[in-house]
Structure formats: C-alpha cells, structure tokens
Amino acid sequence: MSNNNWNQPPNGGGMPGDNQVPPRTGKLLRDFGQQSPAGPDYSQMPPAQYSPRVPGTPPSGQLPPTQNGGPVGGMNSQSPNWMESARQTMQRFTGKMRAFPQQSNQPPAGWPTANYQQPYNQPQYNQQQHFNQNQPYTPTAGQMVPYGQISPLPPIADSQSQRWRRSRSTRISMLKRRRRVRWGQAHPRAQRVTVSIVVSLLILLIIGFSSGGASAYNFYQAQLPRLHDLSNQIIPQTSYIYDRNGTLLYETPSYDTTSNGSKSLSFGGRRILVSYSQIPDVLKNAQIAIEDHTFWTNSGVDPQGILRAASSGGSAGGGSTLTQQVIKNLSHDDAHSINRKMTEAALAIALTQQYPKTKILEMYFNVAGYGAQELGAEAAIEDYFGLKPTCKSIGKCVPAMTQLDYNPKTKRHDPLLGLARASLLAGMPQNPNSYDPTLGASNKARALDRQQQVLHAMMMYDEPAPGLGPVTPEIAQKVYNLTNAMKFSPHQVVSKYPHFVQWVLDTIENTLGNGDTSLGAQILNTGGFRIRTTLDAHIEDYVENSVKTNIGNIPTANNVHNAAAVVMNAKTGEILAMDGSVDYNSKDPQVAGQINMAVTPRQPGSSFKPLVYATAMQMGMYPGSVLSDFKTYFPVGGVTSVDHAYHPVDYGGANGMYHDLPTSIRFATANSLNVPAVKAISYTGVGNVTTMVNRMGIHVAARDQTLSMVLGTAAVPLLTMTGAYQVFANQGKRVLPQGILDIWDNYGRQLYHYDATHPIGVQVLSPQIAFMTSSILTDEEDRALDFGSIHTLSMWDQFGPQRDVVAAKTGTTDSFKDNWTLGYTPNVVVGVWAGNTDDSVMQNVIGITGAAPIWHDVIECVTGVACAEPAKPFTHFPTPTIFAPPPSEMGLVPGFTAPPGVQLAQVSAANGLLGAGQMDWILSSDMPLQAGGPPIQVGGTPTPTPQDGQGGGTPSGRHHHGG
C-alpha cells in the first residue's frame, strides 16, 4: 500500500463526478496557490447587471479579487502597492470619494454662463425655448437637467460676446495674494522665518507619516511567512472504515490542535471537506448576510464593521470579516488582544490578495465550527438533518449538503426547508457550543433566536432564498415554525465490530507511519480516508451470534466463558469475519472483552501437529508411514538417562497411556496421538519444522524450539494458525491475511487496491503434500477411536458418509487452558479458540466439545450448506459469491481433488512399506519398493491390491487403524 503524495491534489482536481470542482484537500491554501497562473475561471460568475441577484454570487458589477488582475492582485503580480490598497480601504471606510482638483475649461465667448456647472438637481434647461428666444437661458423653478440630454448650443455672434468676469471668491483670493506679496517685500526677514517654520512642520509631518507607513508595511511583511505556514497546514478530516459491501464500521475523530502556552489543546469532532460548487446558494447567502455582508467587496477587513463593533461594545457584532474568521480558525488563536487582531487583519488582507473570494468562502465552510462535535458545515448537515452523501462507490461520494433542501419523507426538494436548515446553520459559528441544538432545549431555543437574526440580516442586505425570492417576515415565521418542529439528537459515533476494526487500524497506522504507529495514527485521523475492508458484516453477525450462543450452552461447571473466531477466504487470504471475544463490553476477567483473543498468542495444542507431519511428508514420509505408539524416551540436551529423558504420553495418559501398536501418520493425526508426533519431529529435526512453520507465517521463539513444540507448546495467535491452515486449503500456496481491499483519499483518488482476482502467494508446500495433509484431516472414520459417533468435525449431519468435503483438527493443551478447532474447505478456512482470558482451567472440555460446535456452525453456514439456529441472526443468509454455488446447484460443497503426481497405493499397516493392509495416498515418485510384513488386521476387510501398481479406491485407514 502506498501513501506517497496522499495530501497532493489530483490531476484536474475536483470531487468524483465533478471534474471542474476544486479538489477537497487538507491543504486548501497551498494547493490552490499551485493552480495555473491564469487564475480561476469566472465563466460561471453572474453578469454585471442582475435583477434579482443570483444567489451565492458577488453583487452586480463586482467580481471577487483574482490572482492576476482584478481589484486586488496577487502578492507577486503587478498590483497596486500597499499604500494604494490603504487609500482604497480608507475610501471605502469613509464612504466618500473626494473629487480631485480638475482643470476647469472656460466656455467660449458668448456662451451662457448661468448654469454651466450647476448641480444635478437644478431646473431643467429648455433648449427649444433658448433657440426660439435667442436669449440666455434662465431655468424656472422645478425644472431639472436630465443627465446626458444636454446638446451643444449654437455659436453666439461676436456682437453678443461679453467679457468673462472672475467670480467674487476668485477676486478676493487674488487680492489676498497680492497683499501677501507686498507684505513680504516690506518684511523679507519675517517672511523667511515663516517659510522656514512651515517647511519644518511639513518635513516633520512627512517623516511621521513615512515612519508610520514604514512600520505598518514592515508589520505586514512580517506576517507573510505565517500565511505561508497556514497555507501548508493540514485541515483535519474524518476517516471512515467500511465493510466490503459499504456498511460503515467506524469513523475516526478529527482533531484541531492548538497551543495555549506550554499546554496543547485538541478539539475533536467530525469534518468532511467540500468544494465551493457543492455548497448550496441559500447557505452561502445566509452565511454572508449574518457574518460579513461586505464579503464580496472588502479587502479582507471591514473598517466600518470594526468601528460599528467598537462603538456598540460588541453588541453589533465582532467586526471580523469571514476572511478574518478563516485566519482565526486556521491559527486556533482565541486570545483577546490588539496584537492578535492586527495580525489577523494583516493576514486577511494578504489572503484576499492571493486567493479569490470563492476559495476563501469554501475554506470558511470547511474550517468553521457548527456545533460541539461538528467541524465544518458538511458534518453538521449530516448530523442535524440526517442527510447522507450520495455515493457511486465508497470512495466516490457527493456531500450531503447538495441535498440541503431535500425532504426524505416526501422525496421532494423544498426551498423553504432548505432556507430553514441554512439559516439555522449560518448562525452557529458565532458560538458553536451554545447554539448546538442537540445539547438540550435551551440550546435549541438560543439557536432559533439566532436563526431569526440570520433571517433579519438576509432581509436587510437583500440576500435572496433560491426558490422563494426575497426573505419576508411571513417567510421568516414559516421558517421558525418549521425549525421549531425539528428533532435533534447528538451524533452517535459509529463503531461496529471493534476487534476487527482495531486490527485494521493497527495495520493502517503501521503502514502509513512506516513503522511509526503514532505518526500513522496522526495521518489516519486527519487524512479523510475512505477504507474498504474485507469484512462481510453478514458473516460477522452470524459468527458473533454463534460464539455467544454456543459458549452460553456450555454448562457453568465446565468453566468455559470466552471464545474467538476467524473466517478467511482460502484463495485470497481475505478476513471475512473476526470475533475477538464473546462480549466486547464484558469486564469479567475470564472474558475481558476488549482483549482480542483472535490476535492474542495462546498454545495451540494438537492443532500444531499437522504442520509437523506436513514437514515430514515434504521430507519423504506419507500418510501411510508408520510411527508406532509405544512408550518412547527421547534424550534431552544429550542426556540419555531414562530418568531425565523426555517421554510423552497420550491424551488422558497421566499415568502412561499408549496404544502399543504400529500406527500410521493418518491414524495418529486423527486421534491426536502424542508419541508418533514427537517421533515425526525427531525425524525431521526441530530446525526444519521451525523453518517450515515460519514459511507458513508462524514465528517460534528460540526458547520454544524443542521436541515438545509438536504438541503445541509454543504460543500462536488464532489468526496466525488460521493463516497456516490456509496453506493446506490453497494447495500449498500461502497468501498473507488481508484486511483491506481499497483506500481512497479525500479527493476520491484510489491509493491502494487489493486485487483479489490475482492474489500474490508463495508456494510453501507442494500441492501434493497439501492434498495428502487434507486427506488425513478429512478422515472422519479414523477419528472414531477418539470421538466415537460425534461428527462435529464433518458435514455428515448434512450429507452422511458420502464424501469428505471438509478438513479439520482439534487441539487441547495439557493444562486444559486452551481449546482449538481449525478446519477448511478448498474455499474457506475457519479457526476457533475457546477458553478463559485469565488462563483459568476448563473442566472436562476438549476440542470436540468446546471450540468445535462453533466451528461446525460457522463452516456450514459460510459455505452455503446450512445456518444453524438460534445463532442465525437473519431469515435468509446470502451465500457469499466468493464461495462455490450452494448445495441446491452442486449437491455438495466442493471436496479436495488429487493433483497430478499423487496416487493411491496399498501399504503395509505394520511398517508402511509395500504390501497388503491399507490403501493410502503417496507421491507417484515415492512408491515403496520393499515389501513389508503381513498386515495386522484390526477389523474389516483389506482393500484389494491395485492393478499394475496404480492406486484405486479410497484410503482404507478409516477401516484399519494400523494398530
């Protein structure tokens, strides 16, 4: 699995299904800055003239700032300098544009002068009257000159020309100037002193303004590196874990972290990033109206808003623009200080210069708080209104906010409902905790009051509601009534099947962190990943119910309180179910439900023996090889003394129990005889067995590498043992246990995919050895010596003794602390452990009565044979498509087919060599050439000798126990 460039935008960006939408990324600022220098595409912006204005767009004739050109240029573009930006800001602050002095053109001689430069509201000029009377026009009361309708007047004859006279004010000004000149000529010294004083004052003023401007500029420049840091900040997003069919299993919390002195604070919640085009217009309009009605035109700060807030003591709002609030939410600085406000303002101006307004508004809806647990508007919409994303697949979803006006009950879009939801949400960022309607009646009442303020602001600033038009008091009342009737409940964090989910989390964190799980957890909890796992929720439900039911059926006197189970696809290694305890919430130390016993090492007992026998057969033995069950002493550490030698006994043989007969590997395995197993590991060597089981996924510590290892004394997790048996089921090829099928990032890009159609496996055993092992483990008749008429390890209850279709082996430790059953078909492997978490001893419980009943129910159900009651949690169990067709189509689940290179041969039951007595599988290249002694007949009739040395029939060990 690769996690390279997981936080980089994809080619083209955008959400799935919307290639033109800016991508939802954790690094919103930085990624946008990497777009084409051509700037954003404003082809979708409204025209300059509008009536009414298109919702969610800038006012008429005013486009948001762009990176190159527009009202405010980028930091590196040819844009007005900071002094020019300051001048423009002051012009907006005062609301007045002082007319700069212009050269006044004098009218030609003879032109009328009465109304040459009169104000707009002067009486109207009657051109026709002037032409008729050929006299200078004198307006009458109430007349008005319409703008743009004054036509040039005809030239006036020279005889009518008059001398142009200066105005009275001009004449007075000229007189004063002449007097000053005369006074300066009469008093030259005083004039020089006066000029010096004035010049000095001007110089001081220039220096003061220059120093202040330089200081302001230096402060502004000093904040730019911080803006760069904010641009590269990862916006935490919630990650989701699903089962293979899209059922949500778990969601990680998102954490916004800030520092308060030396203390680190984290604010947890849910966050799902969205793109600007996915935000409904009604929500944009409502948010702008209540928080920053000058958003589309201001430069990042609103001086009028600041002055209004200061003059009202904060009752008229905080004076911060949406852009300033974005900076605050990104920096997580809640300190109330002038320095913070100045820094915030400087960064807001810089942010506006570098990014278009649409991007800033998108950031706002992604980082602002909308409740106690809701970080961003999308999480709040999902939580408060029960809306869900629309998904084509797990990794390709359209946010729920695109359906903000959708009514699930009527299945229609209702603009009034959309306005109600939008106006409720828009008021929350001011105080997310106080306005969270899920926290009680008082919070809901405050949220409704705040909603009315939002609606009033929409009316005041003419922000329309799509589908309704301008907001009116009547609409506001309907919105209140509609919202007041809504029911809100706190968000419940989804966490199903915690044992499996935690195993997946550990796997992902280790991979993402490259071995550093802390780093991996941080990446996972902030990355917004969508993770599709191998788990099948239907199978998991059945397994958990089966575990609980069967353990509950064991009498209390047997002291068995816990169990775990694993279901694995034998071909692909996919984990279809994992139940780590009988009750996750149990505090009983014998259960300790939160401990996942599926991954906790325990002694596997006799279930380890098939691994040793497979190693022995790989080295030349076969199922018919005889390993007599006599009392045998094995030297330990080179000591040959009988008193110090190792001499194992069979189950129940504390005082020495042996069959005292030559027994085959088949018979010894079926009845869990210990002495033949120790002889097998003595033959192969402990080192070779250790190497073999290591290739099958089991790692045995050096201290456990002894002869007794064959009896299952080395602790192994259930999941690992199930994976080892997968090798037998899959014709000797090992496939690593798989828990994850797909991983998508927040863009919808697929970061990882497990191709189950082409699983990568390693050939651990030859297919022939794997088949011979399966042949041993399917022998229900040979198990009769140990288990009698109990057929829990087979499907005889469904099909009778017609065909061996399932292989199984039990295991019980000498201390009776652990009880196992592992088995498989060619398609599925099931492993079950039963016992007590605290190692307390079971009473009169062995594999066939402890773990086997759970295993039997699960293996029959997942292969489509039958699902037992009362563990069955649903009326119809859907047969997984990854398995073979159900019995109605095949008659039986698939059995094990002998591969080329293996055949049946008749061997001696006395020594396993060529002779009469029993039929068994053997490699074609290893047919015994030496005849053995006469067969030792225990019961039944020996199978006839195959013709021409070829095998025929079936292994006869089930009739001849080889004793």
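Please read these numbers as outputs of a predicted model, since none were measured by experiment. (Residues numbered from 1 in each chain as written. Predicted model: local features only at pLDDT ≥ 70, side-chain atom pairs only at ≥ 80, totals over all residues. Heavy atoms only, no water.)

A.B. asks: Whenever I open this one, the pairing of strand β19 (residues 902-908) confuses me. Can you help?
C.D. replies: Every regular strand shows the same layout, with side chains that alternate between the two sheet faces. With seven of its seven residues buried, β19 lies for the most part within the structure. By the alternation rule, side chains of β19 split into Val902, Leu904, Gln906 and Ser908 and Gln903, Ala905 and Val907, which are all buried. Here seven bridges tie β19 to strand β20 (residues 917-923), and the two strands are oriented antiparallel to one another. Its bridge partner being in β20, serine 908 is matched across the sheet by glycine 917. (Buried < 20%, exposed > 50% of the residue type's maximum accessible area, 1.4 Å probe, protein only. Helix = DSSP H or I, 4+ residues; strand = E, 2+ residues; numbered from the N terminus. Pairing = 2+ DSSP bridges.)

A.B. asks: What is the right way to look at the state of the cysteines in this model?
C.D. replies: A covalent bond between the sulfur atoms of two cysteines is referred to as a disulfide. Taken as a whole and judged by the stated rule, the model has two disulfides. Between the sulfur atoms of cysteine 391 and its disulfide mate cysteine 397 the distance is 1.9 Å. One disulfide, between cysteine 391 and cysteine 397, carries an S-S torsion of 105° and so falls in the right-handed class. For cysteine 397, a relative accessible area of 13% puts it in the buried group. Here cysteine 861 is linked by a disulfide to cysteine 867, with a sulfur-sulfur distance of 1.9 Å. Taking the torsion about the sulfur-sulfur bond, which here is approximately 80°, the covalent link between cysteine 861 and cysteine 867 counts as right-handed. Numbered in order of appearance, the disulfide-bonded cysteines of the protein are paired 1-2, 3-4. (Disulfide = S-S within 2.5 Å.)

A.B. asks: Please explain the nonpolar core as it appears in this structure.
C.D. replies: Note on soluble globular proteins: their nonpolar side chains tend to be buried together. With 93 residues, the main nonpolar core has Ile698 and Met772 as its most contacted residues. Among the elements that take part in this core, helix α22 (residues 718-729) stands out by supplying eight residues, more than any other. One finds Val326, Ala422, Ala457 and Val471 within the second-largest nonpolar core, a separate group that totals 59 residues. (Core = buried A, V, L, I, M, F, W, Y, C linked by side-chain atoms within 4.5 Å.)

A.B. asks: What am I meant to see in the side chain of threonine 483 here?
C.D. replies: For threonine 483, the location among the structural elements is in helix α14 (residues 473-484). Only 3.0 Å separates the side chain of threonine 483 from the side chain of glutamine 451, close enough to count as a polar contact. What threonine 483 contacts, discounting residues up to four positions off in sequence, is Ala420, Leu424, Lys444, Leu448, Gln451 and Phe488. (Polar contact = N/O pair within 3.5 Å; in protein donor to acceptor, adjacent residues only side chain to side chain. Contact = heavy atoms within 4.5 Å.)

A.B. asks: Quick question: what am I supposed to make of the packing of aromatic side chains here?
C.D. replies: The geometry of an aromatic ring pair is captured by the separation of the ring centres together with the interplanar angle, meaning the angle of the planes. Going through the model one piece at a time under the given rule, you end up with 11 aromatic pairs. Between tyrosine 384 and phenylalanine 385, the ring centres sit 6.3 Å apart and the planes meet at 75°, which makes this aromatic pair edge-to-face. Between tyrosine 725 and phenylalanine 728 the ring centres are 5.7 Å apart and the planes differ by 80°, which places this aromatic pair in the edge-to-face class. With tyrosine 725 and phenylalanine 728 both in helix α22, this residue pair falls three residues apart, about one helical turn. (Phe/Tyr/Trp six-rings, centres within 6.5 Å; stacked < 30°, edge-to-face > 60°.)

A.B. asks: Explain the pattern of salt bridges here, please?
C.D. replies: Where charged atoms of side chains with opposite charge meet at close range, the side chains can pair. Tallied over the full model, the rule gives 14 salt bridges. With its nearest N and O atoms 3.0 Å apart, the salt bridge here joins glutamate 362 to lysine 359. You can see glutamate 362 and its partner lysine 359 sitting in helix α10 (residues 357-367), three residues apart, about one turn around the helix. With its nearest N and O atoms 3.1 Å apart, the salt bridge here joins arginine 666 to aspartate 779. Placement of arginine 666 in helix α19 (residues 665-670) and of aspartate 779 in the loop between α23 (767-777) and α24 (784-787) is noted, with a sequence separation of 113 residues between them. You can call arginine 666 buried: its relative accessible area is 1%. Using a relative accessible area of 0% as the deciding quantity, one classes aspartate 779 as buried. (Salt bridge = Lys/Arg side-chain N within 4 Å of Asp/Glu carboxyl O.)

A.B. asks: What is the right way to look at the sheet that holds strand β18 (residues 828-835) in this model?
C.D. replies: Note: strands within a sheet are paired through backbone hydrogen bonds, in either parallel or antiparallel orientation. An order of β11-β10-β18-β17-β16 is seen for the five strands of this open sheet, with the pairing classed as antiparallel. One side of each edge strand has no neighbouring strand; the edge strands of this open sheet are β11 (575-579) and β16 (807-812). For this sheet, the mean inter-axis angle between neighbouring strands, taken without regard to orientation, is 10°. On the sheet, helix α26 (residues 852-862) packs against β10 (562-569), β16, β17 (818-824) and β18 and is oriented at approximately 160° with respect to β18. (Axes fitted to C-alpha atoms, helices over the stretch in contact; angles between N-to-C directions.)

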